[in-house]
Amino acid sequence: MRTMLPLLVLLVIGLRLAGASPPPQPVACTKGTTDCTVTNVYGSFPDRTICRAADASFPRTEAELVAAVAAAAAAGRKAKAATRHSHSFPKLACPGGRDGTIISTRFLNRTVAVDAAARRITVESGVVLRDLIRAAAAAGLALPHSPYWYGLTVGGLLATGAHGSSLWGKGSAVHEYVVGLRIVTPAPASQGFAVVRELVAGDPDLDAAKVSLGVLGVISQVTFELQPQFKRSVRFVTRDDSDFAEKVAVWGGAHEFGDMAWLPRQGKVIYREDDRVDVATPGNGLNDYLGFRAQPTLGLLTARAAEERLERNGTDIARCLAARLPPSLFELQAYGFTNDGVFFTGWPVVGFQHRIQASGTCISSPEDGLLSSCTWDPRIRGPFLYNSGFSIALSKAAAFVADMMRLRDLNPRAFCDIDAKLGILMRYVKASSAYLGKPEDCVDFDVTYYRSYDDGEPRPHSDVFDELEQMALRKYGAVPHWGKNRNFAFDGAAAKYPNSGEFIKVKERYDPDGIFSSEWSDQVLGISGSPNIVDKRCAIEGLCVCSDDSHCAPELGYFCRPGKLFKDARVCSKDKSAAAVAAGGDDDLLDEL
């Protein structure tokens, strides 16, 4: 997950907070462990529905986990695993209907064993990434790659194929470092309705289990192969985007942990020069990313109110001027990096792997009664965002970037909301042996943008965002990130994975009755139905690609039209003519500010 702080919040970002309210648990029950709901960290799935279940269980041991799976299988009830913080945007944790059961891994949170000599660590699936990398570091070891947010659980990040950025070695996906796994799956009555399957390196079923979308059962324990502790040297450099398309094809080979973020309206690219250095290199740097720190709740509320006014009543100039401040302030504060854990004195920042690779301090501060919170806390009316992620083959990345730049050039002001969210983040991911892992070396594009609290409320220039995503998915064959995106991105996704058929075979063996399948997972995996929800204003919400004006908001002036650059796209546009392109007009004023 990648987020940002809206305009006014950044004005108070320098405050040092004594505490913070950690995000609420995603599973809530009204009667002990019955009559339950499960949601994601944002408090809303893409279709805004409430996911209900008859009951929930919270096993603390593998034996209790086996009992929970057996109970569901014996009753023939749908079941789904839920994680501690539930950071997946789609409905992966929803069993469907009201009769299902939720199995939370919240208390399966122990480190089972650390073998420093063999460079291996075994943890339960509910362990959060923060605790995994700290336990490894305590033994002089390091997990080579991870997502940037450390609030993900081991089971959750494996289910969705979470990753960092690298084409080096085995690459940046965490599942590439899995060498053992214990998973509890349904079983016949003769086997007590549940069994523990132990998979090790070389077992072909491991290629299914290590990126599984949670449809095989519930992971109990995972064993990772680690490396000796090392340090990294990090530097951020901002340049103009004149050679951006050429750079995207080679940057992943130039720096082991390199990434880049494009600010389209400003015409700039923020390059991350990030490399492994000898452990003896001086420096004890720390990554405490600004967007993952706790923020004053009042500031979050005020910022959201200001953002809503800009979205509904503001001009393009006003929105673009507001969008200039966040990237500048993040850069001034070194994005949250410090050279010694307290002060930033200059680039590069050198630090141990576990202090650099990920952050997320807002989840671990003491409760303060919601005086402060994580930026995305659903209990407050703070920032509310869409997060899209899609991966394009490295061989096609330069051409896609060139198309993105051409789309930007048609109306640069339309891209200001992307600038305000710190741009489009690009990370590198290597081809995977996992059946549902990346099918080839690729660049992952991560886009965060404004979401309305009101169902079906149009956003200014939403047609540009939708055209960009459809161009990536349809023209360039992008695969969607399993843990992000709105519904339409998953239409036909399984067919883009050459080994998805092998995954389905394992699924049918492990769970022939579909206990851990749902309507959503069947749609995403291409087994039955479509993830698209076709109804009035469905394209506004990203639940469909429009084919009729009613899928947009014609009464508000939004009609289903072809894309401006990618003509096969169908987007909700205020342009009544398919060929209409907004004029640049007052861009000269913005260029001077």
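Residues numbered from 1 in each chain as written. Predicted model: local features only at pLDDT ≥ 70, side-chain atom pairs only at ≥ 80, totals over all residues. Heavy atoms only, no water.

In the nomenclature of an unreviewed UniProt entry, the protein chain is known as L-gulonolactone oxidase of Oryza glumipatula. What UniProt records for the protein chain under Catalytic activity (unreviewed entry) is the sentence "L-gulono-1,4-lactone + O2 = L-ascorbate + H2O2 + H(+)". In its Sequence similarities (unreviewed entry) section, UniProt records this for the protein chain: "Belongs to the oxygen-dependent FAD-linked oxidoreductase family." (UniProt positions renumbered as here; feature names shortened; annotations may be inferred.)

A.B. asks: Got a sec to walk through the overall build of the protein chain? Specific residues and values, please.
C.D. replies: For the protein chain, the helix and strand inventory stands at 16 helices and 26 strands. In terms of overall dimensions, the protein chain is globule-like: its C-alpha atoms have a radius of gyration of 23 Å, near the 25 Å expected for 593 residues. Overall, the C-alpha framework of the protein chain stretches about 75 × 60 × 50 Å when taken along its three principal axes. In the protein chain, which comprises 593 residues, the share counted as buried stands at 61%. A separation threshold of at least 6 residues defines the contact pool for the protein chain, and within that pool the share at least 24 residues apart is 73%. Computing the positive centroid from 66 side-chain charges and the negative centroid from 69, the protein chain places the two 2 Å apart. (Helix = DSSP H or I, 4+ residues; strand = E, 2+ residues; numbered from the N terminus. Rg over C-alpha atoms; globule rule 2.2 N^0.38 Å. Buried < 20%, exposed > 50% of the residue type's maximum accessible area, 1.4 Å probe, protein only. Contact = heavy atoms within 4.5 Å. Lys, Arg positive; Asp, Glu negative; His and termini not counted. Charge placed at Lys NZ, Arg CZ, Asp CG, Glu CD.)

A.B. asks: Outline the nonpolar core, listing residues and values.
C.D. replies: Counting 114 residues, the largest nonpolar core has Phe224, Phe400 and Phe445 as its most contacted members. Of the residues that make up this core, three or more belong to each of domain 1 (27–104) and domain 2 (111–229 + 498–506). Not counting the four nearest positions on each side in its chain, Phe224 is found in contact with Arg119, Arg120, Ile121, Val123, Leu132, Leu143, Val154, Val174, Tyr177, Val178 and Val179. One finds Leu65, Ile103, Val184 and Phe516 within the second-largest nonpolar core, a separate group that totals 13 residues. (Core = buried A, V, L, I, M, F, W, Y, C linked by side-chain atoms within 4.5 Å. Domains from an automatic or database assignment.)

A.B. asks: Describe the sheet that holds strand 10 (residues 194–200), with residues and values.
C.D. replies: Strand pairs in the sheet, formed through backbone hydrogen bonds, run parallel or antiparallel to each other. Ordered by their spatial adjacency, five strands build an open sheet running 6-7-11-9-10, and the pairing between neighbours is antiparallel. Edge positions in the open sheet fall to strand 6 (111–115) and strand 10, since each of these has one partner strand only. Here the strands of the sheet are splayed against their neighbours by 10 degrees on average, with no regard to which way each runs. Across six bridges, the pairing between strand 9 (residues 178–186) and strand 11 (residues 218–225) is antiparallel. Bridge assignment links Leu181 to a residue of strand 11, and that residue is Val222. Relative to the sheet, helix 2 (residues 62–75) contacts strand 9, strand 10 and strand 11, its axis offset from that of strand 9 by approximately 40 degrees. Sitting on the sheet, helix 3 (residues 129–138) touches strand 6, strand 7 (120–124) and strand 11, and the angle it makes with strand 7 is about 145 degrees. (Pairing = 2+ DSSP bridges. Axes fitted to C-alpha atoms, helices over the stretch in contact; angles between N-to-C directions.)

A.B. asks: Mind laying out the state of the cysteines, listing which residues take part and the relevant values?
C.D. replies: Scanning the entire structure with this criterion turns up seven disulfides. Covalently, Cys29 is tied to Cys36 through a disulfide, its sulfur atoms 2.1 Å apart. Negative torsions about the S-S bond denote left-handed disulfides, and the value of about 100 degrees found for Cys29 with Cys36 makes this one right-handed. A relative accessible area of 25% places Cys29 in the partly exposed class. Residue classification places Cys36 among the buried positions, given a relative accessible area of 1%. Covalent S-S linkage joins Cys320 and Cys416, the inter-sulfur distance amounting to 1.9 Å. Here Cys320 and Cys416 share a disulfide; its torsion about the S-S bond, 100 degrees, makes the bridge right-handed. Residue Cys320 is found in helix 8 (residues 316–323), and its partner Cys416 is found in helix 12 (residues 416–420); the two are separated by 96 residues along the sequence. For the pair shown, Cys320 and Cys416 are each scored as buried. (Disulfide = S-S within 2.5 Å.)

A.B. asks: So, the sheet that holds strand 21 (residues 385–393): which residues are in play, and what are the values?
C.D. replies: Read across the sheet, eight strands follow the order 19-13-15-14-22-23-21-24 without closing on themselves; strand pairing throughout is antiparallel. Single-partner strands in this sheet number two, and they are strand 19 (349–352) and strand 24 (479–480). Pairing of strand 13 (residues 231–240) with strand 19 involves four bridges; the strand directions are antiparallel. The residue of strand 19 that forms the bridge with Lys231 is Phe352. Strand contacts of helix 13 (residues 462–475): strand 21, strand 22 (424–429), strand 23 (442–450) and strand 24, with the helix running at about 30 degrees to strand 21, the strand carrying the most contacts.

A.B. asks: Tell me about the pattern of salt bridges, and name the residues and values.
C.D. replies: As enumerated under the stated definition, the model contains 40 salt bridges in all. A salt bridge links Asp316 to Arg319; the nearest nitrogen and oxygen atoms lie 2.8 Å apart. Here Arg319 and Asp316 lie together in helix 8, a separation of three residues that amounts to about one turn. We classify Asp316 as buried; its relative accessible area is 16%. A relative accessible area of 16% means that Arg319 is categorised as buried. Ionic pairing is found between Lys475 and Asp403, a salt bridge with its closest N-O pair at 2.7 Å. Linking Lys475 in helix 13 with Asp403 in helix 11 (residues 394–410), this pair joins segments that are 72 residues apart in sequence. (Salt bridge = Lys/Arg side-chain N within 4 Å of Asp/Glu carboxyl O.)

A.B. asks: Account for the environment of Leu371, naming residues and giving values.
C.D. replies: Tracing the backbone through its elements, the reader meets Leu371 in the loop between helix 10 (353–356) and strand 20 (372–373). Sequence-wise, Leu371 and Leu298 are 73 residues apart; in three dimensions their C-alpha atoms are separated by 7.5 Å.

A.B. asks: Break down the pairing of strand 13 for me, citing the residues and quoting the values.
C.D. replies: The sheet contact formed by strand 13 and strand 15 (residues 268–277) spans ten bridges and is antiparallel. In the strand pairing of strand 15, Arg232 is matched with Arg276.

A.B. asks: Can you explain the packing of aromatic side chains? Please cite residues and give values.
C.D. replies: What the rule picks out here adds up to 27 aromatic pairs. Ring centres 5.1 Å apart and planes at 85 degrees place the aromatic pair Trp149 and Trp376 in the edge-to-face group. Residue Trp149 is found in the loop between strand 8 (141–142) and helix 4 (154–160), and its partner Trp376 is found in the loop between strand 20 and strand 21; the two are separated by 227 residues along the sequence. Aromatic pair Phe490 and Trp520: ring centres 5.5 Å apart, planes at 85 degrees, arrangement edge-to-face. Separated by 30 residues along the polypeptide, Phe490 in the loop between strand 24 and helix 14 (500–510) and Trp520 in helix 15 (residues 519–524) bring together distant segments of the chain. Given a relative accessible area of 11%, Trp520 falls into the buried group. Residue placement shows Arg459 over the ring face of Phe465; its charged tip is 5.4 Å from the ring centre. (Phe/Tyr/Trp six-rings, centres within 6.5 Å; stacked < 30°, edge-to-face > 60°. Lys NZ or Arg CZ within 6 Å of the ring centre and 35° of its normal.)

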